Structures are given as structure tokens and as C-alpha cells.
Amino acid sequence: MARYSAWILQLLAPLGIWGVFAIAFADSALLGMPVDAAVAFYVYRDHRLLLFYVVMASLGSAMGSIPLYVIGYLGGEKVLRKRISEERFERIHRSFEQHEFWALMFPGMLPPPMPFKIFVLGAAVFEMRFRDFLAAVFAGRFVRFMVLSLLTLWFGPQIVGLIGTVFQRHFYWVLGVVAGCGLTFALLRWRKTRTAEIR
């Protein structure tokens, strides 16, 4: 994986600061690419452009997700059902019916092995509005790349491998913590809205 990442970074070198957009786009539109390693590399090399790299990577991910959204919109339900069980299909469907923005944003925040493309496809299958779709992908990726960039500045680029190991070994624990944080945030927001309505 380290050699593969180094090879990809060499290919991106001619693109300069725009390379992070290119790899994020390719990661979403094609097969998985070492986008986290690329973002960490760019940020560590020039931390002054941290926000630029995070925004470009998030924008690249959002734009790169469009082809899969189109596939889902034009009849991707069969494709989705072939890739996941019926139980999981119904679970994802319910999550989009209840809170479609969060149903897409939260998976977008998580690195592999979270199968984010399934949720992208699901967003189109369950007829999520295109504007909201792009916003949710961008927001989820922005949080992911911002956290990754800050950790890279504190601990160095090797944090990418550590994060990957933690997610692979403790995926459901991490997923539970993120889901708990998301639920807490949603409840606090709902409570604030209710308080404002009462006043």
C-alpha cells in the first residue's frame, strides 16, 4: 500500500496543488484511491494551504460522486440490491426516509472500510435531491479531511496508517461512537428548535 501511495503521488506531482482535487475525484468516481494519504501528504508538505486542500478534496469527492448518483437515479436499485442484503437495503432506506442528509453525511465522514459508494448509490435510488446530495457529500468529506489534516499536523503523515488500522480492527466500535455523537447532536438541535418554538 505504501508503494502504491507513493506511485500515485508521483503521478499527481505535475498537477501541483490541484492534485488533491484530482485524486479525490478519482476516488469517488472510480475504484478506491489512497486519498487520505494524498491529503495528509499535501497538508504536511505545506500546512499554510490546509483549508484549500481540505476544500479541494471535499469538492473533488462531491464532483466524483455524480456519475454514481446518475447510475443510481437511472435505475441503480437492481445494482444496489445485488451488492447488499435485503435487510441492509431496508435499513439504509429507512435512514434516508428519516434523515436523508445525515444518512449520507455521516458515512462520508468515515474512512475505509466504510462502503461509502453504497450510500451514494442509495441516495440516488431513494431520490435524494441533487443539491442536498452534493451538500451532504461535501460536508461529510470536509469533516473527514479536516480532522485528518489536523491529526497529520500533530502526529505526522503516519497517522493515516494508524487510523486505517484502528478502523479495520475496531470498525463497529468507532461506528457506534460516531453514531452516538451524531444522535447527541441531532437531539440537542431538536431541543433547541423546540425551545425556540415555545418562546
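Being a predicted model, the structure only gives us computed values, none of them experimental. (Residues numbered from 1 in each chain as written. Predicted model: local features only at pLDDT ≥ 70, side-chain atom pairs only at ≥ 80, totals over all residues. Heavy atoms only, no water.)

Participant: Would you take a moment to explain the pattern of salt bridges for this structure?
Facilitator: Pairing is possible between side chains of opposite charge, provided their charged atoms come close. On inspection of all chains with the given rule, the structure shows 7 salt bridges. The closest approach of N and O atoms between Asp 46 and Arg 48, which form a salt bridge, is 3.1 Å. Looking at Asp 46, the relative accessible area reads 18%, which means it is buried. The exposed category is assigned to Arg 48, whose relative accessible area is 71%. Of the charged contacts in the structure, one is a salt bridge between Glu 77 and Arg 81, with a shortest N-O distance of 3.0 Å. One end of the pair, Glu 77, and the other, Arg 81, are both in helix α6 (residues 77-83), 4 residues apart, so they sit about a helical turn from each other. What makes Glu 77 partly exposed here is its relative accessible area of 35%. The exposure class assigned to Arg 81 is partly exposed, which follows from its relative accessible area of 33%. The structure contains a network of salt bridges with shared partners spanning Glu 77, Arg 81 and Glu 86. (Salt bridge = Lys/Arg side-chain N within 4 Å of Asp/Glu carboxyl O. Buried < 20%, exposed > 50% of the residue type's maximum accessible area, 1.4 Å probe, protein only. Helix = DSSP H or I, 4+ residues; strand = E, 2+ residues; numbered from the N terminus.)

Participant: Please clarify how the environment of Ile 118 should be interpreted in this entry.
Facilitator: Examined against the element boundaries, Ile 118 turns out to sit in helix α8 (residues 116-125). Spatially, the C-alpha atom of Ile 118 lies 9.4 Å from that of Leu 68, the residues being 50 residues apart in sequence. For Ile 118, the contacting residues outside a window of four places in its chain are Leu 80, Ile 84, Arg 88 and Ile 92. (Contact = heavy atoms within 4.5 Å.)

Participant: Please clarify how helix α5 (residues 66-73) should be interpreted in this entry.
Facilitator: Every α-helical turn comprises 3.6 residues, leaving residues that sit three or four positions apart pointing alike. All of the buried residues along α5 are Leu 68, Tyr 69 and Gly 72. Seen along its axis, α5 keeps its buried residues to an arc of 105 degrees; they face one direction. Downstream of α5 by a residue or two, Gly 75 has a phi angle that is positive, lying close to 130 degrees. (Arc of directions from axis to C-beta.)

Participant: Can you walk me through the packing of helix α2 (residues 19-29) against helix α4 (residues 50-64) in this structure?
Facilitator: The description of two helices packed together rests on the angle between their axes and the distance between the axes. Closest axis-to-axis distance for the α2/α4 pair is 7 Å, and the angle between their directions is 30 degrees. Between α2 and α4, the angle falls in the class roughly parallel. The two elements α2 and α4 meet at a crossing, and its hand is right-handed. Packed against α2, whose contacting residues are Val 20, Phe 21, Ala 24, Phe 25, Ser 28 and Ala 29, the element α4 presents Tyr 53, Met 56, Ala 57, Leu 59, Gly 60, Ser 61, Met 63 and Gly 64 at the interface. The residue inventory of the contact of α2 with α4, partitioned by class, reads 10 nonpolar, 4 polar and no charged. (Axes fitted to C-alpha atoms, helices over the stretch in contact; angles between N-to-C directions. Parallel < 35°, antiparallel > 145°, perpendicular 65-115°, else oblique. Left-handed = near helix turned anticlockwise from the far one by under 90°. Nonpolar A, V, L, I, M, F, W, Y, C, P; charged D, E, K, R; others polar.)

Participant: Honestly, the packing of aromatic side chains in this entry has me stumped. Any pointers?
Facilitator: Here the distance between the centres and the angle between the planes together describe a pair of aromatic rings. Applying the stated criterion across every chain yields a total of 14 aromatic pairs. Taking the centre distance of 5.3 Å and the plane angle of 75 degrees together, the rings of Trp 18 and Phe 52 count as edge-to-face. In this pair, Trp 18 sits in the loop between α1 (2-12) and α2 while Phe 52 sits in helix α4, placing the two residues 34 residues apart along the sequence. Look at Phe 52 and you get partly exposed, because its relative accessible area is 25%. Ring geometry for Trp 102 and Phe 106: centres 5.6 Å apart, planes at 25 degrees, overall stacked. Of the two residues, Trp 102 and Phe 106 are both situated in helix α7 (residues 86-109); the distance of 4 residues between them amounts to about one turn of the helix. Its relative accessible area of 21% is what places Trp 102 among the partly exposed residues. Cluster of aromatic residues (ring-pair linked, three or more members): Trp 18, Phe 41, Tyr 42, Phe 52 and Tyr 53. For Arg 81, the ring lying beneath its charged end belongs to Phe 89, and the centroid distance is 3.9 Å. The lysine or arginine in question, Arg 141, covers the ring of Phe 116, its NZ or CZ lying 4.3 Å from the ring centre. (Phe/Tyr/Trp six-rings, centres within 6.5 Å; stacked < 30°, edge-to-face > 60°. Lys NZ or Arg CZ within 6 Å of the ring centre and 35° of its normal.)

Such coordinate-based values are descriptive only and should not be taken to indicate function.
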